[in-house]
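Remarks on the overall topology
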Amino acid sequence: MAKHYSIAIDGPAGAGKSTIARALAQELGFRYVDTGAIYRTVAYFLDLLGISPKDVDGVTRYIDELTVEIEYDDQGAQHMIMNGMDVTDDIRSQDISQKASLVSAHAIVRDTLLDMQRAVAKKYDVIMDGRDIGTVVLPKATVKIFLTASAEVRAQRRLEEMQAKGSKATFAQVLKDIQQRDYQDTHREIAPLKQAKDAVKVDTSELDIEGVVAAIREIVGKKIPL
Ligand code: DC
């Protein structure tokens, strides 16, 4: 089977992973896989059933009743399908962000989702973003990038995104949410967020989008013809 290129972009919430990955995927003609959306879909499903994301027995009991599929529309945008229903827009709330962070700590959830993520990378050239792509999902990825920025910068960017959509959230609330997710995502026992040994770190605190794209293109260009 032909070997495919894979680019792993890991990092904390709000570092700009999806913006960069989407732009680069379009340029390279790769599939962009937002793995956070998969965990969000699990969290949303359990939430609809009234199961707490911390309730490992409840999570274990109901996870088999969930089928998660990733589909792409004509523009290449990723859609999340939960038991046949498109939930792409429903999974983006602050509440589901928090619940996804909690639900993703369970081994049963991570094990269930591992194969589907690897299957996409076997079939296509991919840019995958998440927390454990370079460390666990694709340990042999062609390029590994660890994208980060200070919590304050990430909170400010997230706030502006939310305000543009009409949200009335405050900086303090968004910062608290980001810090809490950082803590949960880096302190869980299984596949915690951390930089892979062979990943290149890019701190985007002082960079604008063009600056980040340029930095990433330089790293990717060393391994993949652009
Ligand atoms: O990237 P995101 O903010 O949409 O991810 C939501 C949550 O899902 C995140 O707080 C932790 C979890 N997640 C994970 O554990 N592993 C991944 N590869 C991606 C996301």
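Provided above is the structure to which this section pertains.
The present account deals with the structure reproduced in this document. (Residues numbered from 1 in each chain as written. Predicted model: local features only at pLDDT ≥ 70, side-chain atom pairs only at ≥ 80, totals over all residues. Heavy atoms only, no water.)

**Digging into the packing of helix H4 (residues 94-103) against helix H8 (residues 171-187)**
A pair of packed helices can be characterised by two numbers: the angle between their axes and the separation between those axes. H8 packs onto H4 with a crossing angle of 15° between their chain directions and a minimal axis gap of 9 Å. Accordingly, the angle class assigned to the pair H4 and H8 is roughly parallel. Where H4 crosses over H8, the handedness of that crossing is left-handed. On the side of H4, the interface is formed by Gln-94, Ser-97, Gln-98, Ser-101 and Leu-102, while H8 contributes Asp-177, Gln-180, Arg-181, Gln-184 and Asp-185. Of the residues that constitute the contact of H4 with H8, the class distribution is one nonpolar, six polar and three charged. (Axes fitted to C-alpha atoms, helices over the stretch in contact; angles between N-to-C directions. Helix = DSSP H or I, 4+ residues; strand = E, 2+ residues; numbered from the N terminus. Parallel < 35°, antiparallel > 145°, perpendicular 65-115°, else oblique. Left-handed = near helix turned anticlockwise from the far one by under 90°. Contact = heavy atoms within 4.5 Å. Nonpolar A, V, L, I, M, F, W, Y, C, P; charged D, E, K, R; others polar.)

**Quick notes on the site of the ligand**
Looking at the ligand, there are 16 residues lining it, with Arg-40, Arg-110, Arg-181, Asp-185 and Arg-188 nearest. Within the contact set of the ligand, an oxygen atom lies 2.8 Å away from a side-chain nitrogen or oxygen of Arg-110. Between Arg-181 and the ligand, the recorded distance is 2.8 Å, taken from a side-chain N or O atom to an oxygen atom. Elements represented by at least two residues in the shell around the ligand include exactly helix H2 (35-48), H4 and H8. If you tally residues by element for the shell around the ligand, the top one is H2, at four residues. Taken together, the residues of the shell around the ligand break down into three nonpolar, five polar and eight charged. (Near = heavy atom within 4 Å. Polar contact = N/O pair within 3.5 Å; in protein donor to acceptor, adjacent residues only side chain to side chain.)

**Concerning the nonpolar core**
For soluble globular proteins, nonpolar side chains are generally found buried alongside one another. Judged by nonpolar contacts, the single largest core of 34 residues is most densely connected at Val-42, Met-80, Val-109, Met-128 and Leu-138. Elements supplying a minimum of two residues to this core: H2, strand E3 (68-72), strand E4 (78-82), H4, helix H5 (107-123), strand E6 (126-130) and helix H6 (133-137). For this core, the element with the most residues is H2, which contributes eight residues. Ignoring sequence-local partners within four residues, the contact set of Val-109 consists of Tyr-39, Val-42, Val-59, Ile-63 and Val-103. (Core = buried A, V, L, I, M, F, W, Y, C linked by side-chain atoms within 4.5 Å. Buried < 20%, exposed > 50% of the residue type's maximum accessible area, 1.4 Å probe, protein only.)

**Some remarks on the sheet that holds strand E8 (residues 200-203)**
Strands sit in the order E2-E6-E1-E7-E8 across an open sheet of five strands; the sheet is parallel. The open sheet terminates on both sides in strands that have one partner only, identified here as strand E2 (31-34) and E8. Between one strand and the next, the sheet's axes are offset by a mean angle of 20°, whatever the strand orientation. Summarising the sheet, strand E7 (residues 143-148) and E8 pair through four bridges and their orientation is parallel. Across the sheet, Ile-145 pairs through a bridge with Val-200, a residue of E8. (Pairing = 2+ DSSP bridges.)

**Some thoughts on the pairing of strand E1 (residues 6-10)**
Burial of E1 is extensive: five of the five residues sit out of reach of the surface. Across the two faces of E1 the burial is the same, with Ser-6, Ala-8 and Asp-10 and Ile-7 and Ile-9 all buried. Alignment of E1 against E6, held across five bridges, turns out to be parallel. Within the sheet, the bridge partner assigned to Ala-8 lies in E6 and is Met-128. Pairing of E1 with E7, which is carried by four bridges, proceeds in the parallel orientation. In the strand pairing of E7, Ile-9 is matched with Ile-145.

**Considering the pattern of salt bridges**
Using the criterion set out here, one finds ten salt bridges in the structure. The salt bridge partner of Arg-154 is Asp-182, with a shortest N-O separation of 2.7 Å. Here the residue Arg-154 occupies a position in helix H7 (residues 151-164), and Asp-182 occupies one in helix H8, the gap between them amounting to 28 residues. Residues Arg-154 and Asp-182 agree in their burial class; the two are buried. With a shortest N-O distance of 4.0 Å, Asp-185 and Arg-188 are connected by a salt bridge. (Salt bridge = Lys/Arg side-chain N within 4 Å of Asp/Glu carboxyl O.)

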